[in-house]
Amino acid sequence: LSDPLTVSQRVIVLKTVEKEIPLCSITLPETGSAFAIVLVTAKPAGFAPIVVRTDDPSFKAGDVFFINRSEKTILGKLGNTPLILKPGENSKTRPSSAVAETYYDIAFATREEAGDKLISSSRWPVDNNLRSYIFFFTNAQGKTTFRAVDEYMTSTVVRP
């Protein structure tokens, strides 16, 4: 995450530095005073913002914000918490049923015509000092994959 920025209004325009070419318009919700702005590519040439309220009391340490930019439906098992995320959807959730209060069994798959296809199966440690953003996307080889970004709870991104 970048360093926090202070803004004076709830509607802002992201522009290039040198030529001030508009890349996207960002509208912050009326509720809240701290936000993460996730920029995803958008056609023809620019970005679409996904605004996440980071001071939302329901989005706390241990939570995960999922963003599906792939062409497939994502299936997940976060301990005992299920996840179904259609292409283009976002979802906020929390893993459950930690093993020995130390880790969660995590699995992700894609829904395919021939049946569900496993992407990853791993263990995530229980960490009460951060929350995560998981991005699913289609890579250059046409496979669905993901990346994670962790946010330590002492920082925020945008404050109006």
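Here the structure is a predicted model, which is why all the values come from computation and not from measurement. Residue positions are counted from 1 within each chain, in the order its sequence is given. It should be noted that, the model being predicted, local features are given only for residues of pLDDT at least 70 and side-chain atom pairs only at 80 or more, the latter also being counted only at that level, while totals for whole chains, interfaces and linings use all residues. To obtain the side-chain values, all non-hydrogen atoms of the structure were used and water was disregarded.

1. A word on the overall build of the protein
Note the following rule: The numbering of helices and of strands both runs from the N terminus, where a helix is a DSSP run of H or I of at least 4 residues and a strand a run of E of at least 2. Exposure is judged per residue with a 1.4 Å probe applied to protein chains only, and the accessible area is read against the type maximum: over 50% gives exposed, under 20% gives buried, and values in between give partly exposed. By definition in these notes, contact holds between two residues if any of their heavy atoms fall within 4.5 Å. Per-residue and other accessible areas were derived by the Shrake-Rupley procedure at a 1.4 Å probe size, with only the shown protein chains allowed to occlude residues. Under the counting rule used here, the positive set is Lys and Arg, the negative set is Asp and Glu, and His together with the chain ends is not counted. Charge placement uses NZ in Lys and CZ in Arg. For Asp and Glu, CG and CD serve respectively.
When helices and strands are counted, the protein shows 0 helices and 14 strands. Along the protein, helices (α) and strands (β) appear in the sequence β-β-β-β-β-β-β-β-β-β-β-β-β-β when read from the amino end. When its C-alpha atoms are laid out on the principal axes, the protein stretches across 50 × 35 × 25 Å. Residues counted as buried form 36% of the 160 residues belonging to the protein. Partitioning the contacts of the protein with sequence separation of at least 6, the portion at a separation of at least 24 is 44%. Carbon and sulfur atoms make up 52% of the accessible area of the protein, which totals about 9,700 Å². Once the 19 positive and 17 negative side-chain charges of the protein are each reduced to a mean point, those two points are 3 Å apart.

2. Examining the confidence of the model for the protein
Worth spelling out the cut-off: Looking at any residue, its pLDDT shows the predictor's confidence there, from 0 to 100.
For the protein, the mean per-residue pLDDT works out to 91, and 95% of the residues sit at or above 70. The model gives residues 155–160 a pLDDT under 50, and that stretch makes 31 contacts with residues more than four places away or in other chains.

3. Focus on the sheet that holds strand β10 (residues 103–110)
Worth spelling out the cut-off: Being paired, for any two strands, means DSSP has found at least two bridges between them. Under this scheme, a helix contributes an axis fitted over its contacting stretch, all axes are lines through C-alpha atoms, and angles between N-to-C directions fall in the 0 to 180 degree range.
The sheet built from 4 strands is open, its strands ordered β8-β7-β10-β11 with antiparallel pairing. Taken across any chain shown, the strands that pair with only one partner, and hence form the sheet edges, are β8 (81–85) and β11 (117–125). For this sheet, the mean inter-axis angle between neighbouring strands, taken without regard to orientation, is 15 degrees. Alignment of strand β7 (residues 74–78) against β10, held across 5 bridges, turns out to be antiparallel. Following the sheet pairing, I74 is matched in β10 by T110.

4. What to know about the packing of aromatic side chains
Basically, it comes down to this: In summary, the pairing rule links any two rings of Phe, Tyr or Trp, Trp by its six-membered ring, whose centres are within 6.5 Å, and it sorts them by plane angle into stacked for under 30 degrees, edge-to-face for over 60 and tilted for everything else. Throughout this description, the term charge over a ring refers to an Arg CZ or Lys NZ atom that lies within 6 Å of the ring centre and within 35 degrees of the ring normal.
According to the stated counting rule, one finds 9 aromatic pairs in the structure shown. Aromatic side chains F59 and Y133 sit 5.9 Å apart centroid to centroid with 85 degrees between the ring planes, which places their arrangement in the edge-to-face category. Pair noted here: F59 is in the loop between β5 (46–53) and β6 (64–68) and Y133 is in strand β12 (residues 130–138), with a separation of 74 residues, a long-range link. Taken individually, F59 and Y133 each receive the classification buried, so the pair is uniform in this respect. Between the aromatic rings of F65 and Y133, the centroid separation amounts to 6.2 Å while the plane-to-plane angle is 55 degrees, which identifies the pairing as tilted. With F65 in strand β6 and Y133 in strand β12, this residue pair connects regions lying 68 residues apart in the sequence. Here F65 matches Y133 in class, with each residue buried. Linked through ring pairs, F66, F108, W124, F136 and F146 together constitute an aromatic cluster. Across from the ring centre of F59, 4.3 Å away, lies the NZ or CZ of R131, which sits over that ring.

5. Examining the pattern of salt bridges
Opposite charge on two side chains permits pairing when their charged atoms draw close. The condition that has to hold: Any carboxyl oxygen of Asp or Glu that lies within 4 Å of a side-chain nitrogen of Lys or Arg is treated as forming a salt bridge with it.
Tallying each qualifying case throughout the model produces 7 salt bridges. Between D56 and K92 there is a salt bridge, with its nearest N and O atoms 3.5 Å apart. Of this pair, D56 sits in the loop between β5 and β6 while K92 sits in strand β9 (residues 90–93), and the two are 36 residues apart along the sequence. Residue classification places K92 among the partly exposed positions, given a relative accessible area of 35%. The salt bridge partner of D116 is R111, with a shortest N-O separation of 3.0 Å. Taking relative accessible area as the criterion, R111 reaches 45% and is therefore assigned partly exposed.

6. Digging into the environment of T102
Topologically, T102 is positioned in the loop between β9 and β10. A relative accessible area of 43% places T102 in the partly exposed class. Separated by 22 residues in sequence, T102 and W124 place their C-alpha atoms 8.6 Å apart.

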